[in-house]
Amino acid sequence: MFLKDALRGIARGFRKRRLAALLWLLNLLLALPVVLPVAAHLRRQLAFSPAGDALLGGFSASLFQEAMRAPQSPSRAIPLLFATMAALALLVNALSAGGVLAVLQGTGEGPLLRRFGQGAGRFFGRFLRAGLAAGLVGGILVAILGVLFGASERFEDSAWEPMRLVLFLGRVAIAGLVLVAVLTALDYARIALAAEDSHGAVGAYFRALAMVVRHPVATLGAWAVNAAVVAGVMTLYAGLTRNWTPSTGAAILLLVVLQQLLMWFRAIVRVGLWSTEIDVLARLLPAPARVADDAALETIAAS
Amino acid sequence: VAPLLRATLPLLLLALAAPASAALPERAPEVVDYDIQVRLDPSEKRLLGRERVVWRNPSQDTVPDLWFHLYLNAFKSTRTTFYRESGGRLRRDDMATDGWGYTDVTSLKLADGTDLLKSMTYEAPDDGNGDDQTVARVVLPRPVPPGGSVTLDIEWTAQLPVVFARTGYKRDFFMVGQWFPKLGVYEPAGRRGRAAGGWNCHQFHANSEFYADYGRFRVEITVPSRFVVGATGPRVETRPGTDGTTTYVHEQRDVHDFAWTADPKFVEVKDTFSAERDVTPAEYAAAAELVDRPLAEVKLRDVAITLLIQPNHLPQARRHVQAAKNGIKWYGLWYGAYPYPTLTIVDPAPGALGAGGMEYPTLITAGTSFLFNRWPLDRIRLPEEVTIHEFGHQFWYGMVGTNEFEESWLDEGFNTYSTHKVDAVSYPAMMELFGFRFFAYEEERMGNGVERRFDRVRTPSWGYSPGQYGFNSYSRPSLALGTLEATLGQTTMARVMRTYHERFRFGHPSSDDFYAVASEVAGRDLRDFFRQVIESPGVLDDAVTEVESVRVRPDRGVLEGPEGRRTVTSKDADQAAKDGALYRSTVQLRRLGEVALPVEVTLRFDGGAPPEKRVFEPGARWARWRYERKERVVSAEIAPRPLDLDRLNDARRAEPDGRAATRWSASLLFLVQQAIAFLGM
C-alpha cells in the first residue's frame, strides 16, 4: 500500500514541477552564502596555480587541504556559516512547508508564487511551534538514546570482532529511525494544521507522533520509498562521476547542470512525499480531517 | 665453447656461491648474550622468568655498574613517567581500567652467587621522577675492565598489562614485548658524539621507543600446549612437557631485542620469500645499477615467512604475505639483503590493536580488521602499509640500531620514507574507494602546516611540544628525505641510503653520521640542508607571488638625444608598441617559511621560447626578476619539494584558469544542497 502511495505521490510531484523548482531555488539560495566564500577562496588559490590543475584529474585530499589552509581561507568561518545556514534552513523549512501545503491543498488563490507566499505567511508561526515541539521531542529522545547507547558500550569489548560494527550500525539505525519518525510526525502535524486550519500546533505534533508510532509501516514506509528513490538516483550519479572526470569548460558546465537537475529532482520527490503524506493522513485520521483532506485531494486532482 | 666454459665455470660458480651483500657486515658485535627461560601463566596473565646475561665491555673504560630497563614498570601506576606523559592514552588506545603491568626482580646475582639485589636502585635520569621504576642500576663488586665481561643471573616475575602501548594481553592473546630485564647501552667515548663513555639507559616515556646493544638470544618459552607461539628467530627445539605445557626454544644472534606472542586462536600460514623466484634478473640488474654495487652484492636470501593470523582475517593472509615479500625484496635490493632466516608477522586479536603496528627483530605486529576482507574495503591497503612499514624497521631500528629515545627520526623518519617508496613500486594507491584515491605520502603532506614551525626534528622523543612527536619523528623527516632526493636526484639518494645502511649495519649511528655519509656520497656539503630541516625549527614554504607581463609602451614626449630633439606622441608610442611588441615581465618570489634552501625556478615563455632556469638563492627572503623581451612569461615554477607545505604557491601562471575551482566549488555546492535537503528542504 505504502509503495503505491509513495509512487503516486512522486507522480504528483512531477506534475508540480514548478513548485519543486521553487523549493530547489530556496535550497540554492540557502547554500550559496556558505559556498560562495569557499568558491572565491578556491578561485584565488587555484586559478593561478598550475599545481591546482591536478584537481581536474580527480579529487586530491592533500591538495584540497593545502588550498583550504592557505591565508585568508574561510575554513574557520565555515562551521559558523554552516550553523547559520542550518538554523536558517529550519526557519525556511517552516515557511516553505506552509507554501507547499497551501499549493498542494489548494488553499489560496492566484498564481503559484502568490499561493505559496500566502501559505508560507499564514502557517509560519504554527509550523514553527510544531517544529519546536519536534525539536523538544527529538532532544528528549536523543538523551534517552545517549543513555542506552552508553550502556551498550560494555558489549564492545568482545572476542567477536564484528560486535563493534554491529553495535555501531545498530545505533545508527535506531537513531536514524527515531529521527525520521520525529521529522515525519512533523510533516503530518503540519498537514493536519493546514488542513484543519487549527492553531494547536504542539497538540497537533503529539497527535501526529502518536499516529506515526501507531502506523509505522504506512507513514515511515512512504518515506522509505522516497528515500530509496533518491538514494538510487544518487548512486547512479556517483557511478557516473566515478568514471567521468570533467576537465573542459563545457564538461564542467554539464556537471553543474546535472547536479542542479538532481537537486530539482530531489525537490520533486519531496513534493511527492508531502503529497503522499496528505493521502496517508486522509486515510488514517478521523472524519473531520478527512473531509478537509478529501477536499484538498479533489482540488489536486482537478489541478 | 667447451674450453671457455671450463675456464669461466669456476668463476661463475664462485660468483653464485659468494655470500650475498659482500660489502655488508655479516655479524654484529656481540655485546650481550641473553639465555632466558620464561613460563606463561595464562590465567594470572603473568610471566615467571629466569635469565643469564653476559655483558662484554665494548669500551676502553672500566665500568663500575650496570643499568637495566624494566620497561613493564611503565604500566605500574599513574605515578610513572609513562603514565604522567601519556595520561593513559597512546596511539589512539586507552589503557584499560586497572590493567596494570609491572616487573618484580626477585633475585639478582653474579654467576659466582654474589647477591646484587640489595644494591639495586631505581634511577630516573630524564626527569628525576622518584616513582618511576623503568630504569634500575646495580653497582658491581668488581668493575668490568675494558674488553672484560660480567655474567648475571636474574629471576623475575612480570605482570602483563591489558594490551596497551605495544604489549600485554587481551583474553587469550599475549603480545610479550619489553618483558625482561634488559641492559641499556654502554656508549664508549666518541660514539654518537659522546665526549666520555657512559650508560645510555632512558626511562620509558610515552613518546619513545627503544635502544639496546646487539647480541645473541636463546629463549625457552613454556606455555600451555593449546597456545600457538611465534617469536624472534628460528625455532630450534620443541619440548612437550608433562604438565600439559610445551616449551618452544628460539635462538637468534645479531639482534638487540626479543619478543614473542601466544594465542590459541592463531592460524599459522607459512610461505617462503625466494631470492630466485620473487626477484627477476632484470630487477637485480636495475638495483645493482641504481646503488652502484656489483650484482653479487645486491643478491637477496631466502626468508621463511610465518604469518600468525586471526581466523576471521584469513582472507587477508595472502595480502600480508605478499606485502612482507614486497618489503623483503625492495628494502633488500635498495639497502642490503635481509640477513635473518625468518620473519614472523603477528595479527593481534580483536580489541588488542594497541599491540599492532610494532617492530621487533624478525617479528612484527601488523593489524587489520575483518572489514578489509572483501570488496569494497579490500581496496584500503592498511594491512599492506602496516606490514611493509613494520618490516622496514628491520633495517631502520633493527640492523641500523639507532637510539630511538634521542633521535627517533633516524628510524621512524627513514622508515616512513622507505615505506612510501616500496608502496609506490608495489601498489597503485593505498586506498582506492569509489573513484577516490589516497596515496600514502598524502597523509604526511596533510600534516605539514604552519603550526609545525616550533619543533626541531632532532629532539629527544619526550622533548617535543605537545602533539608534535609523531609529525617530527615520522612525517617531517620523511618529507625532508624526499626533499633531499629531489635535490640530489633519485640515483644519488639511493646510493646515499645504501652507503649509510652498509656502513652502519649492526651499528649505532647518530644524525651526524648520516649527514657525513650523505655529504660524502653526494660530493657536496649538505650540513646546511640538515641544519635547516632537521636541526632547526621552521617550515619550508617558498612561493611565486607574482607573474605579470605588460606590453612596454615606448617613451613619449619631447625627447632629447644624440640625434637631436624628437617628439613622440602617445599615438606614435602605441603604434610602436604594437609593431615592436616588447613585454616587460615581472616574477616575484617570497620565502614564507623560515627554511631557506637554494631552489631552481623554471620560467616559461610564450611563442615557443625555451624555458629559462634560475636559482632563488637561499640568502634572499624575496626576489624580483624583470625581463624585457618579445615573449611574455607565462609561468614560473619552483622545483617540487615534498617538504614545502604549499604546492599551490610553488608555481604561478600569468593568466588564470578557473576550471578546477569551478569544478570543485560546484561539487561543494551540491554537497551543501544535499545537507539542506536533508533538513527537509
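By convention here, each chain's residues receive numbers from 1 onward along its written sequence. Written order determines the labels here, with chains lettered from A and ligands numbered from 1. Local features are withheld for residues below a pLDDT of 70 in this predicted model, meaning they are given only at 70 or higher, and side-chain atom pairs are given and counted only at 80 or more; totals for whole chains, interfaces and linings count all residues. Calculation of side-chain values draws on the structure's entire complement of heavy atoms; hydrogens and water are dropped beforehand.

(A) Molecular detail of the overall build of chain A. In terms of regular secondary structure, chain A is built from 10 helices and 0 strands. Mapped in sequence order, the helices and strands of chain A form the string α-α-α-α-α-α-α-α-α-α. In this analysis, two residues are considered to be in contact whenever any of their non-hydrogen atoms come within 4.5 Å of each other. Long-range contacts, defined here as pairs at least 24 residues apart, represent 75% of the contacts in chain A between residues at least 6 apart. Each accessible area is a Shrake-Rupley estimate made with a 1.4 Å probe; only the visible protein chains count as cover when residues are assessed. Within the structure as shown, chain A displays about 14300 Å² of accessible surface, and the carbon and sulfur contribution to it stands at 72%. The helix and strand labels rest on DSSP assignments: H or I over at least four residues marks a helix, E over at least two residues marks a strand, and numbering proceeds from the N terminus.

(B) Looking closely at the interface of chain B and chain A. Taken together, the contact between chain B and chain A spans 53 residues of the former and 66 residues of the latter. Buried area: the accessible surface (1.4 Å probe) lost by two parts on joining, summed over both. Taken together, the two surfaces of chain B and chain A that pack against each other cover about 5300 Å², and 63% of this comes from carbon and sulfur. In the sections that follow, a salt bridge refers to a side-chain nitrogen of Lys or Arg positioned within 4 Å of a carboxyl oxygen of Asp or Glu. Our count for the contact surface shared by chain B and chain A stands at 5 salt bridges. The partner of R445 of chain B in a salt bridge is E66 of chain A, with the nearest N and O atoms 2.9 Å apart. Any N or O atom pair separated by 3.5 Å or less is treated as a polar contact, with the protein-specific requirement of one donor-capable and one acceptor-capable atom, and with residues adjacent in sequence counted only for side-chain atom pairs. Taken together, the connections running from chain B to chain A amount to 30 residue pairs in polar contact (both at pLDDT 80 or more). Elements that contribute at least two residues to the side of chain B that touches chain A include exactly β26 (436-438), α7 (440-447), β35 (651-653) and α13 (659-678) of chain B. The element contributing the most residues to the side of chain B that touches chain A is α13 of chain B, with 19 residues. When grouped by side-chain class, the residues that make up the side of chain B that touches chain A number 26 nonpolar, 14 polar and 13 charged. Residue polarity is assigned by list, with Asp, Glu, Lys and Arg as charged and Ala, Val, Leu, Ile, Met, Phe, Trp, Tyr, Cys and Pro as nonpolar; anything else, Gly included, falls into the polar class.

(C) Expanded view of the pairing of strand β3 (residues 63-69) of chain B. All names here are of chain B. With respect to burial, β3 is a largely interior element, 6 of its 7 residues being buried. Sheet topology places β3 next to strand β8 (residues 135-144); 6 bridges connect them, and they run antiparallel. Note that in β8 the partner of W67 across the bridge is R137. Being paired, for any two strands, means DSSP has found at least two bridges between them. In this sheet, strand β12 (residues 182-183) lies alongside β3 in antiparallel orientation, the contact comprising 2 bridges. Partly exposed describes any residue whose relative accessible area lies between the buried limit of under 20% and the exposed limit of over 50%, with all areas from a 1.4 Å probe on protein chains only and scaled to the type maximum.

(D) Representation of the sheet that holds strand β31 (residues 599-605) of chain B within the structure. Residue and element names in this part refer to chain B. The strand order β32-β31-β34-β35 describes an open sheet built from 4 strands, whose pairing is antiparallel. The open sheet is flanked by β32 (612-616) and β35, the only strands paired with a single partner. Strand-to-strand twist across the sheet, computed as the mean angle between neighbouring axes with direction ignored, equals 20 degrees. Bridge analysis of β31 against β32 gives 5 bridges, and the strand direction is antiparallel. Residue E600 lies in a different strand from β32, and its bridge partner there is V615. Fitted lines through C-alpha atoms give the axes, limited to the stretch in contact for helices. The angle between two N-to-C directions lies from 0 to 180 degrees.

(E) Layout of the packing of aromatic side chains. Residues and elements named next belong to chain B. When the centres of two rings from Phe, Tyr and Trp lie within 6.5 Å, Trp using its six-membered ring, the rings pair. Their planes under 30 degrees apart give stacked, over 60 give edge-to-face, and anything left gives tilted. Using the criterion set out here, one finds 59 aromatic pairs over all chains in the structure. Consider the rings of Y34 and F217, whose centres lie 4.8 Å apart with planes at 15 degrees: the pair is stacked. Of the two residues, Y34 sits in strand β1 (residues 32-41) while F217 sits in strand β15 (residues 215-224), which places them 183 residues apart along the sequence. This pair shows no difference in class: Y34 is buried, exactly as F217 is. Either the NZ atom of lysine or the CZ atom of arginine qualifies as a charge over a ring when it sits within 6 Å of the ring centre and within 35 degrees of the ring normal. One Lys or Arg, R591, reaches over the ring of F616 and ends 3.9 Å from the middle of that ring. Here the guanidinium or amino end of R632 rests over the ring plane of Y583, the centre of that ring lying 5.1 Å away.

(F) Examining the sheet that holds strand β27 (residues 542-551) of chain B more closely. Residues and elements named next belong to chain B. With antiparallel pairing, the 3 strands of this open sheet are ordered in space as β27-β30-β33. Bordering the open sheet on either side are β27 and β33 (622-629), each of which pairs with just one other strand. Averaged over all adjacent pairs, the angle separating strand axes in this sheet is 10 degrees, with direction ignored. Judged from the 8 bridges that link them, strand β30 (residues 583-591) and β33 form a sheet pairing that is antiparallel. If you follow L589 over to β33, its bridge partner there is A623.

(G) Inspection of the confidence of the model for chain B at higher detail. Residues and elements named next belong to chain B. Values of pLDDT, ranging from 0 to 100, describe the predictor's confidence in every residue of the model. Averaged over all residues, the pLDDT of chain B is 94; the fraction at 70 or higher stands at 97%. Confidence drops under pLDDT 50 across residues 1-21; counting only partners more than four residues distant or on other chains, this segment forms 13 contacts. Reported confidences for the modelled complex are a pTM of 0.91 and an ipTM of 0.92.

(H) Up close: the pairing of strand β11 (residues 173-176) of chain B. Residue and element names in this part refer to chain B. Side chains of β11 alternate between two faces, with F173 and M175 and F174 and V176 buried alike. Looking at chain direction, strand β10 (residues 168-170) and β11 are connected through 3 bridges and run antiparallel. Residue pairing for β11: K170 is matched across the bridge by F173. Between the antiparallel neighbours β10 and β11 lie 2 residues, among them R171 with a positive phi of about 50 degrees.

(I) Geometry of helix α3 (residues 61-68) of chain A. Among the 8 residues that make up α3 of chain A, 7 are buried, leaving the element largely enclosed by the rest of the structure. By the burial criterion, the buried members of α3 of chain A are A61, S62, L63, F64, E66, A67 and M68 of chain A. Against the buried residues of α3 of chain A lie α2 (17-46) and α4 (78-104) of chain A together with β26, α7 and α13 of chain B.

(J) Just the side chain of R653 of chain B, in detail. Within the secondary structure, R653 of chain B is located in strand β35. Side-chain polar atoms of R653 of chain B contact the backbone oxygen of A47 of chain A, separated by 2.9 Å. A distance of 3.4 Å separates a polar side-chain atom of R653 of chain B from the backbone oxygen of S49 of chain A. Look past the residues within four positions of R653 of chain B in its chain and what remains in contact with it is L46, A47, F48, S49, P50 and D53 of chain A together with V547, V634 and S635 of chain B.

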